[in-house]
Amino acid sequence: MRAIPSGMPNSRPSSNQWFLLLGLLGLTLIVLFFQSFEPREVLFANDTPLGFSASEQNRLPARFAGAWYNLAWLGNGQPAAAPTVTTVLRMALSPVMFSKVYAPFTLLCIGFSAWLFFRQLRFHPIVCALGGLAAGLNTHFFSIACWGLGSWNIAVAMTFLALAALSSPALKQIWARGILAGLAVGMGLMEGFDSGAILSIYVGLYVVVRFLTEEAPTGRKIARAILCEVVVIVFAGFIAAHTLSTLVETQIEGVASMEQDVQTKHQRWNAATQWSLPKAETLQIFVPGLFGYRMAQHILSPDHSSAYWGDIGQDPRIAGLGSDDPAVRKEIAAGFNVTDDLRNALNTPTRHERTGAMHDITKKSGIYWRYSGTGEFAGIVVFVLALFGFSNVCRSQSPFTKGERISVYFWGAVAVFSLLAAWGRYGFVYQILYQLPYFSTIRNPIKFLHPFQIAWIILAAYGMEALYRMYMRGPSKRTIPFPEHVMAWWGKVTGFDRKWTVFALVLLGASIAGLFIMNASHNALVLYLEDQSFASQEAAKIAAFSFAEAVWFVVYLALAVLVVTGIVSGAWSGPRMKWAWTFIAILMIADLARADQRWVRYFDYTEKYSPNPIVDFLQEQPYEHRVIGKLEPRGPGSGITPGFGELYFFWIQNDFPYHNIQSLDFSQMPHIPDLDRTYLKEFELKGTDIHETDIFPAVRLWQLTNTRYMLATASGVDLLNEKAGPDRGSFQIRALFNLEKKPGINQVADVGDITVVEGQRGSYALIDFTNALPRVKLFSNWQVPTNDDAALATLVSREFDPMKTALVSKETPAPQAPTAPTSDAGTATITQYHPKFVQIKADVKVPSILLLNDRTAPDWKVRIDRKPGKILRCNYIMRGVFLSPGTHTIEFRYRPSLKTLYVTLCAFVVGIAVGGYLIATRKPSVAPVEKPAPEPTPTPAPAPAPFPAKGATQPVTQTTKTTKKSRKGKVRNL
């Protein structure tokens, strides 16, 4: 069949069909997220839990002027909020309502953005709707939304909008396309950070492909491509200026691990590539659940057979611990702060025997054996359609125009390259990319699955459009029942249709053969799972679940092949095409929704965040103290709370932010600033056995950082008092408590169902460290060390008394202390405390240094009695200020520059102006109206011609020709 260009009327969308997409996608999302209608239920979000969203530090609109995260460690700057889709939604909704609607909202954004892009490609309206459906229900994007990273989805939606602007036939002006696409790309950067940066590269490549495939002279095409590319880059940077500026200030500047020299890149390689896609797990893109879904600890039901068992997120050192080479095992084990018994337990003859020791080491050291928070499934029906779409560019009678064929090749190349890049440390592509400037700052190579999924969905849309153009829009060809029709068609089909059908059947046959192989390897899989730290009984259930998922894959693959084969045979052409679209939609929804529902997890937030005596105590004036549950704040380390550690970790991420309780521990900080890294290193513990390790460095760190309370075992207080050095006897039990299920909980689903109850015989204790520095204190005596190294050496010295003397950095000098160290400096009290504003009242008796035990930063400013003052860097990392005798009001404010915010706001104004101009100057598109052919004018009968002479030829007049044509026309009309 002849190819029909996409711009021709019978290929042009005749109606919006947006209501069809809204009905299919919207109703499916309502079913999947139906628990959002329950008043107390909120969606679990690992990376943006409700407690984090509800904390004071995240309140809008204050975050537009910079963000200071003060609830973990000593405080640190975070990227400031920008006027993005996400922040606008946060401002409009309460934290509870936001956690209910944000995930489905981002999926609707992706679906409708993809739909708009396909409309600009002039695809059939149903193709546009089903393409949007495939994007909105894509399990990769769906699981990201449920994991609390919906901003990545908004970045994907912005990418589709940028592609739509570049592809729009209605936008004739190059500058208009470039501006709109650039603003969309910039919004993607603002939402997705490094994910948005990755996607922006692909948009830039699409600009080149789009303009160089136009029908125009070569020079003009190159000029238009360059012009559009420049405009896109300029306006993307224009609107994203505020976000880019704060990202550089808070995540790159002052972070040695972000340096671009060869040595730093090499040192960062393992951390940067930890979340890579193992090659074998590429199968889960097409076979949902083959490697499981959620992590076991995130499954609420007692049945954990669907637990993820792959290697995504695995620390590279795990393989070394299980190596068959004893030297490798010894070298890797030496880097862990574990006992000699565990190290010796690795010296076993077989890998299976080493599993127990490996499990204990990973648990104690806090490294990940695996940690996958997303699903990668693209859809089985989408998989078949994408293959069909790509294969159609090679057929002799392609349904695509030349430009469309180039686009299909482009998106095919994008899919292949992105998949190879997502392999990360398991492939060669990312090793090459890693050497490019600033690529090493990207933490997870698996983020390249964003562009892969986009490309795969686009190829599937081309596949559906090919089915429509080649097999569905012609007259109906079926006159007999469907099975007989297909058999009759198969008997005479040739060429591409036959080759495609054979390929599909071979693919189905290979999948069935894989099932038999997998079933025969059941025992080997169980043994492998046991080696991967799963218990024997649990391993058997997981293996059975994976086999069942493979069976479902074969079932859906068979149905998809049957539907596509039926369409190719012409069984649903003409008026029957509605059945073809219906079958595709049903399969797509059932296929994707079955995998998606595994990622939906709700909880009763009033129950999860219900009060308990310990949290109630800590939330009273939380700015007066910090709390710790580990010996060292960086990573899990060697905990002082065995048995309670998991609940404490839950509190750090949920209850503490919800109640604005400050802890010294931090659950994650991938980009630790150099100032903090060096400071922490000075207080590291040496040794593997807590009973033989000198814990004075940890105690001194707690003292310097206003860490007043510890959560530990009840017997831990004796150990702390015994080994605290100069602070011996400073630890006292404030309260004893035990762990038990929360009221009304019959079955514990996760650690959030556990609470604490006070009791005289409690196994755990809230310990009061009475010698910790207060949050704010006046010093009449201070020293100015010669450099930072000298300052750190003094701070960890047992002879140094932090209660009597403060250290002032040489770079921020203060007048020399004029009085004796024993002089009474006066009193200071915090009157207001907020993340970005602290007010202190001080009654100063002698010239003094006011020490505020919060981290300093260049954007902190101070006013003393409403006059600008100078912030001192005290005790290496804290804030301070010099005060003269008298009563003073001191105000610390966090005030980053707002110049870039104004630039971003100006970009929004430009975008609105451009959009308004395009709408005002838009010419209404009027479809050409075919006028009815005029009735033929009666022609008088010609006069009889004289009889021609013998041998003469009668001339054929124009009238005679016209009359013959008219008669033929009348016959056709009849």
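Note that the structure is a prediction, hence the values are computed from the model and not measured. (Residues numbered from 1 in each chain as written. Predicted model: local features only at pLDDT ≥ 70, side-chain atom pairs only at ≥ 80, totals over all residues. Heavy atoms only, no water.)

Here we look at the overall build of the protein
So, step 1. Broken down by element type, the protein carries 35 helices and 20 strands.
So, step 2. In terms of overall dimensions, the protein has a C-alpha envelope of 145 × 70 × 55 Å along the principal axes.
So, step 3. Counting only residues that meet the buried cut, the protein has 55% of its 974 residues in that class.
So, step 4. Excluding contacts between residues fewer than 6 apart, the proportion of contacts in the protein whose partners are at least 24 apart in sequence is 77%. (Helix = DSSP H or I, 4+ residues; strand = E, 2+ residues; numbered from the N terminus. Buried < 20%, exposed > 50% of the residue type's maximum accessible area, 1.4 Å probe, protein only. Contact = heavy atoms within 4.5 Å.)

Topic: the sheet that holds strand β5 (residues 626-628)
So, step 1. An order of β5-β6-β9-β7-β8 is seen for the 5 strands of this open sheet, with the pairing classed as mixed. The outermost strands of the open sheet, each flanked by one partner alone, are β5 and β8 (754-758). Neighbour-to-neighbour, the strand axes of this sheet turn through a mean angle of 30°, independent of strand direction.
So, step 2. Direction of pairing for strand β7 (residues 731-741) relative to strand β9 (residues 764-769): antiparallel, over a ladder of 6 bridges. Its bridge partner lying in β9, Q732 is registered against D768.
So, step 3. On the sheet, helix α28 (residues 645-653) packs against β5, β6 (707-713), β7 and β8 and is oriented at approximately 105° with respect to β8.
So, step 4. Those strands touched by helix α32 (residues 716-723) are β6, β7 and β9, and its axis lies near 150° from that of β7. (Pairing = 2+ DSSP bridges. Axes fitted to C-alpha atoms, helices over the stretch in contact; angles between N-to-C directions.)

Observations regarding the sheet that holds strand β20 (residues 886-894)
So, step 1. One open sheet holds the 5 strands; their spatial order is β13-β14-β20-β16-β17, and the pairing between them is antiparallel. Looking at the sheet topology across the chains shown, the edges are occupied by β13 (826-834) and β17 (867-868).
So, step 2. As judged from the 8 bridges shared by strand β14 (residues 837-844) and β20, these two strands associate in the antiparallel manner. From the neighbouring strand, V844 faces β20, where its bridge partner is G886.

A closer look at helix α23 (residues 522-531)
So, step 1. The set of residues buried in α23 consists of L525, V526, L529, E530 and D531.
So, step 2. Looking at the buried side of α23, the elements it contacts are α16 (351-365) and α24 (536-568).
So, step 3. Downstream of α23 by a residue or two, S533 has a phi angle that is positive, lying close to 80°.

Thoughts on the pattern of salt bridges
So, step 1. Here the structure, examined in full by the defined rule, presents 23 salt bridges.
So, step 2. The salt bridge partner of R40 is D604, with a shortest N-O separation of 3.2 Å. One end of the pair, R40, is in the loop between α1 (18-32) and β1 (41-43); the other, D604, is in strand β4 (residues 602-604), with 564 residues separating them in the sequence.
So, step 3. You can call R40 partly exposed: its relative accessible area is 48%. (Salt bridge = Lys/Arg side-chain N within 4 Å of Asp/Glu carboxyl O.)

Structural notes on unusual backbone geometry
So, step 1. Residue P61 follows L60 across a cis peptide bond; omega there is 5°.
So, step 2. With phi around 75°, Y876 is a residue other than glycine that occupies positive phi space.
So, step 3. Relative to the helices and strands, Y876 is located in the loop between β18 (872-874) and β19 (878-883).
So, step 4. The class of Y876 is buried, set by a relative accessible area of 7%.

A look at the environment of I690
So, step 1. Here I690 is to be found in the loop between α30 (674-682) and α31 (696-704).
So, step 2. Ignoring sequence-local partners within four residues, the contact set of I690 consists of L631, I695, L719 and K723.

Notes on the environment of T827
So, step 1. Mapped onto the fold, T827 is located in strand β13.
So, step 2. For the pair T827 and F534, spaced 293 residues apart in sequence, the C-alpha separation works out to 58 Å.
So, step 3. Each residue touching T827, except ones within four places of it in the same chain, is listed here: L778, K841, A842 and D843.

Some details on a positive patch on the surface
So, step 1. Among the surface-exposed residues, K841, R863, R866 and R895 lie close enough to one another that they form a single positively charged patch.
So, step 2. Here R895 shows up in the loop between β20 and α34 (899-920). (Patch = residues over 30% accessible without salt bridge, like charges linked within 9 Å, V, L, I, M, F, W, Y side chains within 5 Å. Areas by Shrake-Rupley, 256 points an atom, 1.4 Å probe, with all protein chains shown as cover. Lys, Arg positive; Asp, Glu negative; His and termini not counted. Charge placed at Lys NZ, Arg CZ, Asp CG, Glu CD.)

Let's talk about the confidence of the model for the protein
So, step 1. When pLDDT is averaged along the protein, the result is 88, and 90% of the positions lie at 70 or above.
So, step 2. Segment residues 1-14: pLDDT under 50, and 34 contacts once partners within four positions in sequence are set aside and those in other chains are kept.
So, step 3. Taken as a whole, residues 926-974 scores under 50 in pLDDT and shows 3 contacts with residues more than four places along the chain or in a different chain. (pLDDT = per-residue confidence, 0-100.)

Examining the side chain of N781
So, step 1. On the secondary structure map, N781 appears in the loop between β10 (776-779) and β11 (782-783).
So, step 2. With a relative accessible area of 13%, N781 lands in the buried category.

Let's talk about the pairing of β19
So, step 1. Of all 6 residues making up β19, 5 are buried, and the element is well covered by its neighbours.
So, step 2. Bridging between strand β15 (residues 848-855) and β19 involves 6 bridges; their strand directions are antiparallel. Residue L851 lies in a different strand from β19, and its bridge partner there is G880.
So, step 3. Bridge count between β18 and β19: 3 bridges; the pairing is antiparallel. Across the sheet, the residue bridging to L872 is G880, located in β19.
So, step 4. Counting the residues in the hairpin turn of β18 and β19 gives 3 residues, including N875, whose phi is positive at 50°.

Some words on the packing of aromatic side chains
What characterises a pair of aromatic rings is the spacing of the ring centres plus the angle enclosed by the ring planes.
So, step 1. Taken as a whole and judged by the stated rule, the model has 63 aromatic pairs.
So, step 2. Ring centres 5.1 Å apart and planes at 50° place the aromatic pair W68 and Y894 in the tilted group. Here Y894 lies in strand β20 and W68 lies in strand β2 (residues 67-69), a separation of 826 residues in the sequence. The same class applies to W68 as to Y894, namely buried.
So, step 3. For the ring pair W572 and F583, a centre distance of 5.1 Å and an interplane angle of 65° mean the geometry is edge-to-face. (Phe/Tyr/Trp six-rings, centres within 6.5 Å; stacked < 30°, edge-to-face > 60°.)

Considering a nonpolar patch on the surface
So, step 1. A grouping of V208, L212, I222, I226, V230 and V234 is seen on the molecular surface, where their side chains present a nonpolar patch of about 470 Å² in accessible area.
So, step 2. For the nonpolar patch, the secondary-structure elements that each account for two or more residues are α9 (194-212) and α10 (218-239).
So, step 3. Of the residues forming the nonpolar patch, the biggest block, 4 residues, is contributed by α10.
So, step 4. Here V230 shows up in helix α10.

Topic: the packing of α23 against α24
So, step 1. For the pair α23 and α24, the least separation of the axes is 8 Å and the interaxial angle reads 130°. In terms of their interaxial angle, α23 and α24 are classed as oblique. For α23 against α24, the interelement crossing comes out right-handed. Residues H522, L525, V526, L529 and E530 of α23 form the contact with α24, whose own contacting residues are S536, A539, A540, I542, A543 and A544.
So, step 2. Of the residues assigned to the contact of α23 with α24, the class counts are 8 nonpolar, 2 polar and 1 charged. (Parallel < 35°, antiparallel > 145°, perpendicular 65-115°, else oblique. Left-handed = near helix turned anticlockwise from the far one by under 90°. Nonpolar A, V, L, I, M, F, W, Y, C, P; charged D, E, K, R; others polar.)

Let's talk about helix α8 (residues 174-192)
So, step 1. In a regular helix each residue adds 1.5 Å, so 19 residues correspond to 27 Å; α8 covers 26 Å between its end C-alpha atoms and thus fits that length.
So, step 2. Directly beyond the C-terminal end of α8, a positive phi value near 55° is found at F193. (Expected span 1.5 Å × (residues − 1).)

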